Amino acid sequence: MLDKVWGWFDRLAGNAPENVAPGALPAGPVSIAPGRADAGIEDAEGVLPSRPGNEPVALARQIETLSHLQAAVNAGIVGEARRSRIIEGFNASQPVGDRYELSGRMTELRALAGAVVDGANHAIIYGARGVGKTSLARVFGDLVDEAGCDVFYHSASGDADFEAVVGPYVRFIEESAGRSQSVRAAALPAVFSARDVADALANVRVRRIFLILDEFDRITNRRTRSELAALMKLLSDFRIPVQFVMVGISNDVDSLIAEHASLRRHMAAIRVGPIEPAAVRALVSEGGRRAGVDYEPGVADIISAISIGSPYHVRTLAREAGLQAFEMGAVTVDEAALSQGMDAAWRSWSGMSGSAARRFTRLAAMAPLRASLIAAALLAGTEYVFDTARLAEAIGDAGASSPADAPAMAVAVVDALAGELREVDGELAFSDSLAPQYLLLAMVRHDRSEGGADLARFASELEAIAARVGGVS
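Read on for an overview of the structure. (Residues numbered from 1 in each chain as written. Predicted model: local features only at pLDDT ≥ 70, side-chain atom pairs only at ≥ 80, totals over all residues. Heavy atoms only, no water.)

**Side note on the environment of E286**
Its place among the elements puts E286 in helix α10 (residues 277-291). A relative accessible area of 30% places E286 in the partly exposed class. Distance in space between the C-alpha atoms of E286 and F90 is 9.4 Å, their sequence separation being 196 residues. (Helix = DSSP H or I, 4+ residues; strand = E, 2+ residues; numbered from the N terminus. Buried < 20%, exposed > 50% of the residue type's maximum accessible area, 1.4 Å probe, protein only.)

**What to know about empty space enclosed by the protein**
Throughout the structure, instances matching the rule amount to four cavities of 30 Å³ or more. Lining the largest cavity are 13 residues, with A128, A380, G381, S433 and P436 positioned closest to its centre. Elements with a contribution of two residues or more to the lining of the largest cavity: α15 (370-383), β9 (427-430) and α18 (436-449). (1 Å grid on protein atoms, 1.4 Å probe; cavity = no way out; pocket = protein on both sides within 12 Å on 5 of 7 lines; lining within 4 Å. Points joined across faces, edges and corners; volume = space filled by probe spheres on them.)

**Some words on the packing of helix α11 (residues 297-307) against helix α19 (residues 455-468)**
Between α11 and α19, the shortest axis-to-axis distance is 9 Å and the interhelical angle comes to 45°. Relative to α19, the element α11 lies oblique. When you trace α11 past α19, the crossing you get is left-handed. Residues D301, I302, A305 and I306 of α11 pack against L455, A456, F458, A459, L462 and E463 of α19. (Axes fitted to C-alpha atoms, helices over the stretch in contact; angles between N-to-C directions. Parallel < 35°, antiparallel > 145°, perpendicular 65-115°, else oblique. Left-handed = near helix turned anticlockwise from the far one by under 90°. Contact = heavy atoms within 4.5 Å.)

**Overview of the nonpolar core**
Grouped together as the largest cluster of nonpolar side chains are 75 residues, with contacts concentrated most on I306, M342, F360, L391 and L440. With eight residues, α15 is the largest single contributor of residues to this core. Contact partners of L391, with chain neighbours within four places excluded, come to A376, L379, F386, A410, V413 and V414. V165, A198, A200 and V204 belong to the second largest nonpolar core, which has 36 residues in total. (Core = buried A, V, L, I, M, F, W, Y, C linked by side-chain atoms within 4.5 Å.)

**Some details on unusual backbone geometry**
One non-glycine residue, A120, lies in the positive phi region at around 55°. Mapping A120 onto the fold places it in the loop between α4 (106-118) and β1 (122-126). Among the residues examined, A120 registers a relative accessible area of 44% and is labelled partly exposed. One non-glycine residue, Y384, lies in the positive phi region at around 70°. Its location among the elements puts Y384 in the loop between α15 and α16 (388-398).

**Comments concerning a negative patch on the surface**
A cluster of acidic residues, D387, E423, D425 and E427, forms a negative patch on the protein surface. Summarising the element assignment, D387 is placed in the loop between α15 and α16. (Patch = residues over 30% accessible without salt bridge, like charges linked within 9 Å, V, L, I, M, F, W, Y side chains within 5 Å. Areas by Shrake-Rupley, 256 points an atom, 1.4 Å probe, with all protein chains shown as cover. Salt bridge = Lys/Arg side-chain N within 4 Å of Asp/Glu carboxyl O. Lys, Arg positive; Asp, Glu negative; His and termini not counted. Charge placed at Lys NZ, Arg CZ, Asp CG, Glu CD.)

**What about α19?**
For α19, with 14 residues, the first-to-last C-alpha span of 20 Å sits near the 20 Å given by 1.5 Å per residue. Among the residues making up α19, those that are buried are L455, F458, A459, L462 and I465. Buried residues in α19, looked at end-on, bunch into an arc of 125°, giving them a common side. Those residues of α19 that are exposed and aimed more than 90 degrees away from the buried face are R457 and A467. Looking at the buried residues of α19, the elements they touch are α11, α13 (335-352), α15, α16 and α18. Measuring from the side-chain oxygen of the N-cap residue of α19 to the backbone nitrogen of A456 gives 3.1 Å; that N-cap residue is D454. (Expected span 1.5 Å × (residues − 1). Arc of directions from axis to C-beta. Polar contact = N/O pair within 3.5 Å; in protein donor to acceptor, adjacent residues only side chain to side chain.)

**Quick word on the environment of L109**
Here L109 lies in helix α4. Along the primary structure L109 and I270 are separated by 161 residues, whereas in three dimensions their C-alpha atoms are 8.9 Å apart. Excluding residues within four positions of it along the chain, L109 makes contact with L102, L136, V139, F140 and L143.

**Regarding the packing of aromatic side chains**
Tallied over the entire structure, the rule returns nine aromatic pairs. Relative to F210, the ring of F140 has its centre 5.7 Å away and its plane inclined at 85°; by these criteria the two rings are edge-to-face. Taken together, the residues span a long stretch of sequence, with F140 in helix α5 (residues 133-146) and F210 in strand β3 (residues 209-214) at a distance of 70 residues. Classification of F140 by relative accessible area gives buried; the value is 1%. A relative accessible area of 1% places F210 in the buried class. With 5.8 Å between their ring centres and 65° between their planes, F162 and F192 make a pair best called edge-to-face. One end of the pair, F162, is in helix α6 (residues 162-177); the other, F192, is in the loop between α6 and α7 (194-200), with 30 residues separating them in the sequence. In terms of burial, F162 and F192 fall into one category: buried. (Phe/Tyr/Trp six-rings, centres within 6.5 Å; stacked < 30°, edge-to-face > 60°.)

Quick look at the structure:
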């Protein structure tokens, strides 16, 4: 666009009369000709002077054109600002940066604060990806930081050893303690144990310290997990005011405690599941308010059903629907904008997950499996991991099959999803834990291709199945 604008300026400059004194041009804005106020930048080019040599007419038209072009550029910039507000209002790619943006998590936040602050326990925040575990941990860190405590955040990576995970924390604590306390981080050997760290931190007494370890699930090193469990136990036993808040997926609780069964006395587990429909509506409403976009009431309900209460998917769908409304020049997001927004979300995801997208597209057309696949998506979106017995129970509860045939149907669904599932400690999970909602979007797209694009009806179908599936909330 800038190249075109500069081109227009060059042509305008070529039509400018050479004998006009600098002060002859108006200093202030010039009114745009009636009927041209809503014209775009392309239209601005159409009013360029067309009669060379007629300087007074050329000058007047040049002034008019520049005024109109300025108005068009202003409108474009304002429009981009509004588009940016929509993206920022529903930022799905990062944890929330403001405690007041944490929607639907007050129960979990109170439980976390009660267990860690009042109960002096360590904690593990667990749940499927995209439900807001990191956001919860960061808001908790913000609260205790404001209360005068030290908070150190670290993210685990790959097959990290114990020294790589814990070393940065000990150095942070040493720097924070300064000369007022004797923290002997420098004295730690190259390879150290949980006991060495506990000894180095034994003199921390002035104020409480909270260590947030995100992506705990990425740690596959058995020694690292074992030493972390031992360190938490020692910190509690020695009454050292240093507490861990771990963030990981749902299967981490048992694997962590399995290293040291006695850690149960010093550990609180905070499950982060789907947010309730009321919280989804609040999230959409607040994001829309900050973005300057209104969402029709039914739109948030549809988003709630298809997202399965995942904050990540709620923000993604609300953002894409808002952007589609913006592109259509609307200030209200209706079902049509949401439908187009779902297509945009699908394209973005399928571009990175082509194999899964193709499989989901095929499965969406398999009517005999439809209700069972919906039950599987709901189960994965709420419980993250499941086995064939649990899936059979959900399929039977959903009415997708008779109780007698449900086990065979569960096996058929697992076979149909082969390649998109992985084993997690003897259970099954989607390899891409954000995928179950996109399986539902594949069904939306199939329904549209078959002439049934009623999103509200599909959302009602999801809600009805969810209400019958035991354990799915």
